[in-house]
Amino acid sequence: QVQLVESGGGSVQAGGSLRVSCAAFGLTYSPNCMGWFRQAPGKGREGVATIHSGGSTSYADSVKGRFTISKDNAKNTLYLEMNSLKPEDTAMYYCAAHFRFGLCTLARNNYNYWGQGTQVTVSS
């Protein structure tokens, strides 16, 4: 059974950087898409970034140019490097995966495997 486990969250001052990780367990083959989502208190879950099995990436406009999604297939690990962090980035960050063929999107309903999340707090 596929399990996703996030780590690396924490507290950082505005303008700082942080890298969160997502380790995947139980994979028999690579997911077509993996993504990062975030949810702030009282708000819905927002798509942040996606990466295709072939390496193509996409980003939400709110993080474009500041965040970088990447993966290490040998380690079965997904990463999100967050730079120039803003207080508005404060949220629980979740990783997700699906095996559907095609382009990756930020629509959360397309992902059927989810981690438990890691908290990122950005202070002003």
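Residues numbered from 1 in each chain as written. Predicted model: local features only at pLDDT ≥ 70, side-chain atom pairs only at ≥ 80, totals over all residues. Heavy atoms only, no water.

### Some points on the overall build of the protein chain
When its secondary structure is counted, the protein chain shows zero helices and eleven strands. Ordering the α and β elements of the protein chain from the N terminus gives β-β-β-β-β-β-β-β-β-β-β. Over its C-alpha trace the protein chain gives a radius of gyration of 13 Å, about what one expects of a compact globule, namely 14 Å for 124 residues. Looking at the protein chain residue by residue over its 124 residues, the buried ones come to 39%. By sequence separation, contacts in the protein chain at least 24 residues apart represent 59% of the contacts at least 6 residues apart. A total of about 6500 Å² of accessible surface is found on the protein chain, and carbon and sulfur atoms cover 47% of it. (Helix = DSSP H or I, 4+ residues; strand = E, 2+ residues; numbered from the N terminus. Rg over C-alpha atoms; globule rule 2.2 N^0.38 Å. Buried < 20%, exposed > 50% of the residue type's maximum accessible area, 1.4 Å probe, protein only. Contact = heavy atoms within 4.5 Å. Areas by Shrake-Rupley, 256 points an atom, 1.4 Å probe, with all protein chains shown as cover.)

### A few points about unusual backbone geometry
Of note in the backbone geometry, Asn 76 takes a positive phi value of approximately 50° without being a glycine. For Asn 76, the position within the fold is in the loop between β7 (67-72) and β8 (77-82). Phi angles above zero are rare outside glycine, and Ser 84 is one such case at about 50°. Within the fold, Ser 84 resides in the loop between β8 and β9 (91-98). On the accessibility criterion, Ser 84 (43% relative accessible area) is partly exposed.

### Describing the pairing of β7
For β7 and β8, the ladder comprises six bridges, and the chain directions are antiparallel. Considered in β8, the bridge of Ile 69 is made with Leu 80. Between β7 and β8, which follow one another and run antiparallel, lie four residues, and Asn 76 among them has a positive phi close to 50°. (Pairing = 2+ DSSP bridges.)

### Digging into the packing of aromatic side chains
For the structure on display, the rule yields five aromatic pairs. Geometrically, the ring pair formed by Phe 99 and Tyr 113 is edge-to-face, given 5.7 Å between the ring centres and 90° between the ring planes. Taken together, the positions of Phe 99 in the loop between β9 and β10 (113-114) and Tyr 113 in strand β10 put the pair 14 residues apart, joining distant regions of the chain. We classify Tyr 113 as partly exposed; its relative accessible area is 23%. Grouping aromatic residues by their ring pairs yields a cluster made of Tyr 29, Phe 99 and Tyr 113. The lysine or arginine in question, Arg 45, covers the ring of Trp 114, its NZ or CZ lying 5.0 Å from the ring centre. (Phe/Tyr/Trp six-rings, centres within 6.5 Å; stacked < 30°, edge-to-face > 60°. Lys NZ or Arg CZ within 6 Å of the ring centre and 35° of its normal.)

### Considerations on the nonpolar core
In terms of nonpolar packing, the biggest core is built from 26 residues, with Trp 36, Leu 80, Met 82 and Tyr 93 touching the most fellow members. Put simply, the parts of the chain that give this core at least two residues each are β3 (18-25), β4 (33-39), β5 (46-52), β7, β8, β9 and β11 (118-123). Discounting chain neighbours no more than four positions away, the residues touching Met 82 are Gly 16, Ser 17, Leu 18, Val 20, Arg 66, Phe 67, Tyr 93 and Val 120. The next biggest cluster of nonpolar side chains, apart from the first, holds five residues, and it includes Phe 37, Ala 96, Cys 104 and Tyr 111. (Core = buried A, V, L, I, M, F, W, Y, C linked by side-chain atoms within 4.5 Å.)

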